[in-house]
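# Structure assessment
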Amino acid sequence: MIDDKKILFSGMQATGNLTLGNYIGALKNWLTLQDEYETFYSVVDLHSITVRQDPAELRSRARKLLTLYIAAGLDPEKNCIYYQSHVSGHAELAWILNCFTYMGELQRMTQFKDKSAKHADNINAGLFTYPVLMAADILLYQTDVVPVGKDQLQHLEITRDIAQRFNSIYGDVFTIPEPYIGKTGAKIMSLQDPEKKMSKSDENPNASIYLMDDKDTIIRKFKRAVTDSEANIAYNDTQPGIHNLIDIYSACTGKTADEVVSEFAGRGYGEFKLAVGEAVADLLGPLQARFFDLEKDKAYIDGVIKNNAEKADYYAQKTLRKVKKKVGFPEKIR
Ligand code: TRP
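Residues numbered from 1 in each chain as written. Predicted model: local features only at pLDDT ≥ 70, side-chain atom pairs only at ≥ 80, totals over all residues. Heavy atoms only, no water.

### Remarks on the overall build of the protein chain
Assigned secondary structure in the protein chain consists of 13 helices and five strands. What you see for the protein chain is a C-alpha radius of gyration of 21 Å, in line with the 20 Å of a compact globule of 334 residues. Judged by the C-alpha coordinates and their principal axes, the protein chain covers about 75 × 45 × 40 Å. For the protein chain, the proportion of its 334 residues judged to be buried stands at 49%. For the protein chain, contacts bridging at least 24 residues in sequence account for 75% of all contacts bridging at least 6. A total of about 16400 Å² of accessible surface is found on the protein chain, and carbon and sulfur atoms cover 51% of it. (Helix = DSSP H or I, 4+ residues; strand = E, 2+ residues; numbered from the N terminus. Rg over C-alpha atoms; globule rule 2.2 N^0.38 Å. Buried < 20%, exposed > 50% of the residue type's maximum accessible area, 1.4 Å probe, protein only. Contact = heavy atoms within 4.5 Å. Areas by Shrake-Rupley, 256 points an atom, 1.4 Å probe, with all protein chains shown as cover.)

### Observations concerning helix α9 (residues 215-223)
What sets the pattern is the α-helix's 3.6 residues per turn: residues three or four places apart point alike. Residues of α9 that are buried include every one of Thr217, Ile218, Ile219, Lys221 and Phe222, and no others. Packed against the buried residues of α9 are α1 (20-33), α10 (240-253) and α12 (269-296).

### Considerations on the site of the ligand
If you check the shell around the ligand, you find 13 residues, and the closest are Phe9, Tyr130, Met134, Asp137 and Gln152. Note that a nitrogen atom of the ligand is positioned 2.8 Å from one of the side-chain N or O atoms of Tyr130. Gln152 places a polar side-chain atom, nitrogen or oxygen, 3.1 Å from a nitrogen atom of the ligand. Burial of the ligand by the protein chains amounts to 88% of its free accessible area of 370 Å². Among the elements that line the shell around the ligand, the one with the most residues is helix α7 (residues 125-140), at four residues. (Near = heavy atom within 4 Å. Polar contact = N/O pair within 3.5 Å; in protein donor to acceptor, adjacent residues only side chain to side chain.)

### Some details on the packing of aromatic side chains
For the structure on display, the rule yields 17 aromatic pairs. Aromatic pair Phe264 and Phe272: ring centres 4.7 Å apart, planes at 55°, arrangement tilted. Comparing Phe264 with Phe272 shows no difference in burial state: the two are buried. Following the ring pairs from residue to residue traces out a cluster consisting of Phe9, Phe40, Tyr82, Tyr141, Tyr314 and Tyr315. (Phe/Tyr/Trp six-rings, centres within 6.5 Å; stacked < 30°, edge-to-face > 60°.)

### Structural notes on the side chain of Thr67
Residue position: Thr67 is located in helix α3 (residues 55-71). Apart from residues lying up to four places away in sequence, Thr67 is in contact with Phe291, Leu294, Glu295 and Ile301.

### Some details on the domain arrangement of the protein chain
In terms of domains, the protein chain is made up of domain 1 (7-180 + 298-327) and domain 2 (205-292). For domain 1 and domain 2, the distance between their C-alpha centres works out to 31 Å. Both sides together, the interface formed by domain 1 and domain 2 hides about 1200 Å², and carbon and sulfur atoms give 80% of it. Among the residues of domain 1 in contact with domain 2, Leu20, Tyr23 and Ala71 are the three that bury the most area, contributing 43% of the side total. Where domain 1 meets domain 2, there are zero salt bridges. (Domains from an automatic or database assignment. Buried area = accessible area lost by both parts, 1.4 Å probe. Salt bridge = Lys/Arg side-chain N within 4 Å of Asp/Glu carboxyl O.)

### As for α3
Here α3 contains 17 residues, and its C-alpha end-to-end distance of 24 Å stays within 8% of the 24 Å for a straight helix at 1.5 Å per residue. Of the residues making up α3, those classed as buried are Leu58, Ala62, Leu65, Leu66, Thr67, Leu68, Tyr69, Ile70 and Ala71. The positive-phi residue at the C-terminal boundary of α3 is Gly73, with phi of around 120°. (Expected span 1.5 Å × (residues − 1).)

### Description of the side chain of Ser116
Examined against the element boundaries, Ser116 turns out to sit in helix α6 (residues 110-118). Contact partners of Ser116, with chain neighbours within four places excluded, come to Ile123 and Leu127.

Structure (structure tokens):
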């Protein structure tokens, strides 16, 4: 608890361009939590180097992501928005927790298996211990809740296991975090293969709407979106393409799926796709404008980066001091 509020932690990697799926599935929900929780939203750049990165590009993407958090509406006075690499406690705690995590547990992680298949030429130890760093992120702030997608639930599970193991040895050091299952936004699927999640790492640029796509690009991608030959706008699992377009339209307009279906009853797919494209462009336009304005204000963004890193570090050190004492490290002489 900080000031009677529960603590919430989440993070995103600055690799790839954020998509409409990231926005509707994650960022947009974060906005609704900023008053209720004491929040920490990290740009998790330490995680990014488990895969080889171009340094200049990583730095630039990380800054863009941080700026985007603010452009999307996260108030940096209320939400601690910071770079993971600016708070050394993440790496320190990760080392300590490594010593309380079993090889066998890490070997079971499905993301490790997937990523090592994808990057067979660089299966480094960081990729293997990635979940431990994630556990450190979460436990460092005595986090109560973590909003995560389904693909990260296994990592949250191991975080809880590590925390419980540590606590059972040393007493109540860590808060045991829970996944945040809120009114989560719909899972947004690929426009080219609606059975697959929309992903920032998709090789086909037509499969995803990027948050920085301009209106013409957005409309063009929706015109090309894969649907079906039913010629009927209905909300069911046998029409995944239309289902996805309905989800997107309802996320943008706040209308329910039923309302969308009746609004477009009897109308053609072409017309519906255009309406979805317009709704998405209307949603992203103002966000993009805010982003470009913020990006120009270097001093402001620098201030946010500095202040929030200090704030995060303050809370991180509190936990770290406790942990170091518990495991038997000598106190620093001041
Ligand atoms: N691994 C997460 C992802 O790729 C990002 C992440 C890192 C994270 N640390 C976290 C998410 C802590 C939630 C909490 O999506």
